[in-house]
Amino acid sequence: MIMNETLKTLETRRSCRNFKPDMVEDEKIQAVMRAGTYAATGMGKQSPIIIAVMNKKIRDTFSNENAHFAGVNSDPFYGAPVILIVLADKSIPTYLYDGSLVMGNLMNSATSLGLGNIWIHRAKEEFESDFGKKILSDLDIAGDYEGIGHCAIGYPTSVSDIVADRKENYIYYVK
Ligand SMILES: Cc1cc2nc3c(=O)[nH]c(=O)nc-3n(C[C@H](O)[C@H](O)[C@H](O)COP(=O)(O)O)c2cc1C
């Protein structure tokens, strides 16, 4: 079986649900964000944007909002100190695919740097609410953006290496 560092990263990435509170170094956050910006996008239109939330107070506000939409009382970000939020411009037909691919780059590049990471949902609901709209206007972000996902990152307390068997009939070949 062919294996290299990239393939190993892609195969060993696992969702982290237990983060240390320690802040991630700026250089690592920047490297992960940069990897996100190099995702392929339909017709090269670069429809997504990425917002890095590192401020504890604002991060906690996102946690409360997200918990509200999830209907839970716990922190949906599992204690992660950094939340990278991907949104994408709805006026571009491929925005959902573009944003999802950015999310993949964020998770895989974070894994490659030894950072725990996980996709946390409900960004769409967040940015349809007044809370999210205010965040965007405070950042002077204009346009019709939809929340695609949050990539929570930080140092893992533990990451399960339990991986579900890949389902049968995942892959087909036409030779
Ligand atoms: C679109 C999407 C949304 C997800 N939302 C959440 C979430 O809100 N909370 C959570 O704990 N995990 C979430 N996950 C993580 C999945 O549960 C996880 O990827 C899946 O169980 C497979 O585990 P693995 O990532 O370790 O391979 C999400 C994953 C994706 C792709």
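That block above? That's the structure.
Okay, so let's go over this structure. Each chain carries its own residue numbering, running from 1 in the direction its sequence is written. Whole-chain, interface and lining totals are the exception, using all residues; otherwise, since this is a predicted model, local features are given only for residues with pLDDT of at least 70 and side-chain atom pairs are given and counted only at 80 or more. Each side-chain value is derived from all of the structure's non-hydrogen atoms; neither hydrogens nor water enter the calculation.

## Observations regarding the sheet that holds strand β4 (residues 145–154)
Phase 1 of the analysis: Read from one edge of the open sheet, four strands run β1-β2-β4-β3, paired in antiparallel fashion. Across the chains shown, the open sheet's two edge strands, defined by having one partner strand only, are β1 (48–53) and β3 (116–120). Averaged over all pairs of adjacent strands, the angle between their axes in this sheet comes to 20°, without regard to strand direction.
Phase 2 of the analysis: As paired elements, strand β2 (residues 82–89) and β4 share eight bridges and run antiparallel to each other. Considered in β4, the bridge of Asp 89 is made with Tyr 145.
Phase 3 of the analysis: Whether two residues are in contact is decided by their heavy atoms: any pair within 4.5 Å suffices. Here an axis means a line fitted to C-alpha atoms, over the contact stretch when the element is a helix, while the angle between two N-to-C directions is reported on a 0 to 180 degree scale. The helix and strand labels rest on DSSP assignments: H or I over at least four residues marks a helix, E over at least two residues marks a strand, and numbering proceeds from the N terminus. Against the sheet, helix α2 (residues 26–37) touches β1 and β2, its axis set at about 165° to β1.
Phase 4 of the analysis: Helix α3 (residues 56–70) rests against β1, β2, β3 and β4 of the sheet, and its axis sits at about 115° to β1. A pair of strands is treated as paired once DSSP finds two or more bridges between them.

## Things to note about the pattern of salt bridges
Phase 1 of the analysis: The term salt bridge refers to a pairing of a side-chain nitrogen on Lys or Arg with a carboxyl oxygen on Asp or Glu at a separation within 4 Å. According to the stated counting rule, one finds seven salt bridges in the structure shown.
Phase 2 of the analysis: Here Lys 90 ties to Asp 144 by a salt bridge, and the two come within 3.9 Å at their closest N and O atoms. Residue Lys 90 is found in the loop between β2 and α4 (95–112), and its partner Asp 144 is found in the loop between α6 (130–138) and β4; the two are separated by 54 residues along the sequence.
Phase 3 of the analysis: In this structure, Asp 138 engages Lys 134 in a salt bridge whose closest nitrogen and oxygen atoms are separated by 2.8 Å. Of the two residues, Asp 138 and Lys 134 are both situated in helix α6; the distance of four residues between them amounts to about one turn of the helix.

Keep in mind that these numbers describe shape and distance, not what the molecule does.
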